[in-house]
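Coordinate inspection notes
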Amino acid sequence: MSFFNEVRKMQRKQRTTWRLLLPILLLVVFSQTASAEMVLKIWDFPRWLEPGEKTDRFTWMNRKIAEFEKQNPGVRVELTKLTWQRGHEKLKIAAISGNNPDVAPGTVPLLYIRENLIEPVDEYLTPEDRNDYFPGAINAFKVKGKTYGWPWYMGGQLLYVNNEIFASAGVALPAEGRWTTEEFVSTLQQIKKYQNGQHGYYPLGVYFQKDETANLPFLMAFGGRLVNDEGRFCADSEDFLRGLGWINELKKQQLIPTDSGGRTANDIWTAFGRERRVAVGAFGLWGIDALKKKFPMNFSVVHFPTGTNGKNGAFLGTSGLYVFKHPDRERVKMAMKLAKFLTSGDNQKDLLHYTQFPTRSSAGNIYANDPHMTAAWKILQEGQSTYADSRWPQVDEELQSSLQQALLEKLPADKAMQAVAERANRILSVESGSMKDDINQSSLFAKIVAAISVLALIFALISRQAHLIMVIPAVSITGLFLFYPLADALLLAFRDYRIGEVGGYTIENFVRAINDPKFVKAGWNTLIYSLVVVPANVFTALVVASLIYGMKGWLKNFFRAAYYLPGVASVVVLTMVWRWIFNTEVGLCNTTLRWLGMAPIGWLTDPDIAFWSVIISGILKSPGGSMLIYLASMANIPQSLYESADIEGAGPLRKWWHITVPLLSGTTTFLMITGAIAALQVFAQVLMLTDGGPGISTQVVVYRVYTSAFRDFDFGLSSAMALILFIAIMVITIAQKYLAKQDVEYLA
Amino acid sequence: MNRHIANQISLFFLAVGLILTGGPLVWMLITAFTSPDALAATPPRYGEWSLENFKVLLAAGNIARWSINSFVVSAAVTIAQTIFNALAAFGFAAGRFKGREAIFLVLLAAMMVPGQIVMLPLFLFMAKWGMIDSLWSVILPAIASPFGVYMVRQYMDSIPIQMSEAAQIDGASHYQVFRHIYFPLSMPILATSGIFTFITQWNAFLWPLITLNSERYYTLTVGLSTLQDQQMMDFGLLMAGATLAAVPMVAVFMFFSRYMLEGMRKGAIQ
């Protein structure tokens, strides 16, 4: 019995109970009215903007859903809009918790296939369908003889060239779009000369980040490969290292930005498409559409440069829709019908707006009048397909962050690649069974916690102790939602569940945690963050409170409110603003620097600076609550102390340093404790500002805990790291409690 | 004279500090109210005001729905916490039952447990009970808070026990003592912690991000972060969204600030 099925079964049983129980607990009811119609859930990523649309990339999907509902009365289709950044994560979380949709998009869903969650489409494929599909497209969804999805479109990444810059620099485009690495470099050098060393201007932009294959072909120009025929990761081969060395050489000649390892697709796209500071860049097919409509440009798509092996390395991928298993056969049938409908030949004609290629020949040659797409199709035909393995995302994350580090010269290239090869092969060699069964075992400890709560409640009711009864709701809620999961976390941390053996306990998770370079980096970063940000914040609060305390009348009220107000804004809001301010190409900081004639700084892209940007955003925030607490404590300092100091002729600074500061030390300690506990848990800023990158330079502990659990599904490792954090927080709390006690004695 | 100069200096420092700490939000407002065309220009032209960003945002997004969700969650949690925290705090402050201090210590220990460590098991636990992807998954774990109980109890401890003894001699039950003496007397601290709870819930991010899958259940913070992912480069639109998220909290603060400051002052005195 797999974990997922178990969860689903339980859910069906429990849902009714909750629906009955909860409305009594709270006033607001958000439950759906039940109805006879079948509700299919489909999740999708943002697609193209229909003509006239400004922001909504789901209008096509909504329209097609309406058509489908019309054709199938009694069926309602509910669309959940995903984002490209977090969509895959969200889908994973939903799948493991048994909340998966009926239809979901993507490349072949190997992870879910392994977990036996996906319905094969073979019995729904007619012979006409099979003939209609391009062989490559249908093969992309085949695993062990079965087909697991409806191929929808094919896409890939290409090299884009800004023809205008090429013409102005007097360089010719490559003949037939093909060039060798030597021709490529000499072209870039000529463009460099033409650009004349202006800040932020480069012939080529590259980026290496998770889930982005666009620039990998550069590294494979000399015959290097990611995975060899035996399925072993081999990006540490000499050929691959030669490709990496070549890119590093481009960097030394400043043909690519010096902080290339930290750049994101977005940065390079802005620099290429919008700001036109970069002449060549690798992007997905979507770029063709964008360069025609949003940022009109005279451009060409060309082959990647080829080194010794003479092969073209552009990556080609096939995406489609797949259907999750469900006990209700009718529902599965309807979901299949929906997926087939959305990917039908007729509907694939609309891919014209998406600049992706149809997977069915019945869609016809929709790009006959489009020279760019025709050229792109030719290039991609010679390309390679992405490596299909359910563990690849984890390997990819390791690979990309090592590439970033090698390019940023944080690590020598060969060392970085050897390390990643070792880790990747370990990941690929563990034939991890599905993560079932034993997550599901309720821990004994947890049961004891629950039992004690119930017993206490019964005892209290019997003995009619009113006070005890009043205490019980809060205590048992804490027990249920805090101690129970805490006990589970303890057990998860010591459990070796990845291999799927029930009841195996180990300290392996802790060993892996302290050997995980990302976690080590995260630990240091978190420490630095806390050591810098907490004292800075507390000090700011103290100074601001002291200054405001000395003010009179409306000024006092004004400053108090003005300083407090930004503090009510959520960290999400503030981080969005900081991201805008720190943006490399168009942000406030760099716009100002350019205006002053200085070189722009890679606030979030330079690995030596990115974490300090995170720290700046942590320091420059409202002293809010701390300031109010200081103000309240100051009101308690006896005025007579200041008066006697006045008599002795002490200046304001001396009074502040010798009376105010020491008498507030209790408050200061309190704010330091709470500040440190909060700072050790810094997360949202990192997630939204840098996503842990560039390289691993901005990893923090909670971010690592989050990614290892919800991106890699390595629950044991995640819990072990969370536990280490917990112990750190506990030590600090106890130490500071002890310090606080000493303080009181000193004051007394 | 001397005092005057000192005043000028502190005014100067306060102004500089305000620019640094409040600056990002001002920049947010400026961007949000600048017309999209002016923003897209190279270099951007500031000073061309328009409401275009807000119009596009309200027409396209689900901001209204997300705000309602955030409000429902924050209000439900605040109400529930106020009741449960006050009840428990009263039990601890006025009760004389066995194991009182032991239970209280256990509750205090809970304050040290960071949310992230229980996140994963809690998620699996709630998934098992079918509570993922609903507002309940955000509300339920937050309906009592050890920190809140601690704060309110500290305050209630200062209420003389003689008052409740006198009431009991007059025949009042424990509940009546709570309802008519302790609860009203603790209003300042309950208001303060209520406002903090509301703001904390309104701003909560990580847990809702994990448990809420459907757009119609998103809270504002989750919705905004997806908006950021969807509209990567449209900063005008993003800042308009951020503004809409920040404004209600400013309003809450403006409206309740008097109670809050009073609560803090009294809390500090006692």
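Structure: see above.
The residue numbers shown here count from 1 along each chain, following its written sequence. Chain labels run from A onward and ligand labels from 1 onward, assigned in the order the entries are written. Local features in this predicted model are restricted to residues whose pLDDT is 70 or higher, and side-chain atom pairs enter the listing and the counts only when it is 80 or higher, whereas totals over whole chains, interfaces and linings include all residues. Calculation of side-chain values draws on the structure's entire complement of heavy atoms; hydrogens and water are dropped beforehand.

1. Some remarks on the overall build of chain A
Strands are runs of DSSP state E lasting at least two residues, helices are runs of H or I lasting at least four, and both sets are numbered from the N terminus onward. For chain A, the helix and strand inventory stands at 32 helices and twelve strands. The proportion of buried residues among the 748 residues of chain A is 56%. A contact between two residues is defined here by any heavy atoms of the two lying within 4.5 Å. Considering only residue pairs separated by 6 or more positions, chain A has 73% of its internal contacts joining residues 24 or more positions apart. Only the protein chains shown count as cover for residues, and all accessible areas are computed by the Shrake-Rupley method using a 1.4 Å probe. As displayed, chain A has an accessible area near 31,600 Å², and 59% of this comes from carbon and sulfur atoms. Exposure is judged per residue with a 1.4 Å probe applied to protein chains only, and the accessible area is read against the type maximum: over 50% gives exposed, under 20% gives buried, and values in between give partly exposed.

2. Quick notes on the overall build of chain B
Along its length, chain B carries 14 helices and zero strands. The order of α-helices and β-strands along chain B, N terminus first, is α-α-α-α-α-α-α-α-α-α-α-α-α-α. In this setup the radius of gyration rests on C-alpha atoms only. A globule is expected at 2.2 Å times the number of residues raised to 0.38. Relative to the 2.2 N^0.38 estimate, which gives 18 Å for 270 residues, the radius of gyration of chain B is 23 Å and therefore markedly larger than a compact globule would have. By principal-axis analysis of the C-alpha atoms, chain B measures approximately 75 × 70 × 30 Å. Contacts in chain B between residues at least 24 apart in sequence constitute 68% of all its contacts with a sequence separation of at least 6. Here chain B has roughly 11,100 Å² of accessible surface; of this, 68% comes from carbon and sulfur atoms. Neither His nor the chain ends contribute to the count of charged residues, in which Lys and Arg are positive and Asp and Glu negative. Charge coordinates come from a single atom per side chain, which is NZ of Lys, CZ of Arg, CG of Asp or CD of Glu. The averaged location of the 12 negative side-chain charges in chain B is 10 Å from the averaged location of its 14 positive side-chain charges.

3. Thoughts on the packing of helix α4 (residues 63–94) of chain B against helix α11 (residues 187–203) of chain B
Residues and elements named next belong to chain B. Between α4 and α11, the least distance of the axes is 8 Å, while the angle of their chain directions is 145°. As α4 runs across α11, the sense of the crossing is right-handed. For the pair α4 and α11, contact is made by S67, S70, F71, V73, S74, A75, V77, T78, Q81, T82 and A86 and by L190, G194, T197, F198, Q201 and W202, respectively. Taken together, the residues that form the contact of α4 with α11 break down as eight nonpolar, nine polar and no charged. An axis is simply a line fitted to the C-alpha atoms; with a helix, the fit covers only the stretch in contact. Between two such axes, the angle follows the N-to-C directions and lies from 0 to 180 degrees. Left-handed describes a crossing in which the near helix is turned anticlockwise from the far one by less than a right angle; the clockwise case is right-handed. Gly is put with the polar residues, along with every residue not named as nonpolar or charged; the nonpolar set is Ala, Val, Leu, Ile, Met, Phe, Trp, Tyr, Cys and Pro, and the charged set is Asp, Glu, Lys and Arg.

4. Comments concerning the interface of chain B and chain A
Contacts between the two partners involve 118 residues from chain B and, on the opposite side, 117 residues from chain A. Two parts lose some accessible area (1.4 Å probe) when they are put together, and adding that loss for both gives the buried area. Carbon and sulfur atoms supply 76% of the area buried between chain B and chain A, which totals about 10,700 Å² over both sides. Definition used for salt bridges: Asp or Glu carboxyl oxygen within 4 Å of a side-chain nitrogen of Lys or Arg. For the pair chain B and chain A, the interface holds one salt bridge. R216 of chain B is the partner of E78 of chain A in a salt bridge, and the nearest nitrogen-oxygen pair spans 3.1 Å. In protein, a polar contact means a hydrogen-donor-capable atom and an acceptor-capable atom, both N or O and within 3.5 Å, with residues adjacent in sequence counting only if both atoms are side-chain atoms; elsewhere, any N or O pair within 3.5 Å suffices. Across the contact surface, chain B and chain A share seven residue pairs in polar contact (both at pLDDT 80 or more).

5. What to know about the side chain of K192 of chain A
With respect to the helices and strands, K192 of chain A occurs in helix α8 (residues 181–195). Excluding its chain neighbours within four sequence positions, the residues that come into contact with K192 of chain A are G197, Y201, Y202, P203, Q253, Q254 and L255 of chain A.

6. Quick look at the pairing of strand β10 (residues 315–323) of chain A
All names here are of chain A. Counting buried positions along β10 gives seven out of nine residues, so the element sits mostly inside the fold. Both strand β3 (residues 103–106) and β10 contribute to a ladder of four bridges, which runs antiparallel. Directly across from G106, in β10, lies its bridge partner G320. Two elements, strand β6 (residues 150–162) and β10, share six bridges in a ladder whose sense is antiparallel. A pair of strands is labelled paired if DSSP reports no fewer than 2 bridges between them.

7. Quick look at the pattern of salt bridges
Residues and elements named next belong to chain A. Scanning the entire structure with this criterion turns up 25 salt bridges over all chains. Between R63 and E50 there is a salt bridge, with its nearest N and O atoms 2.2 Å apart. Taken together, the positions of R63 in helix α2 (residues 59–71) and E50 in the loop between β1 (38–44) and α2 put the pair 13 residues apart, joining distant regions of the chain. Residue R63 is classed as partly exposed on the basis of its relative accessible area of 39%.

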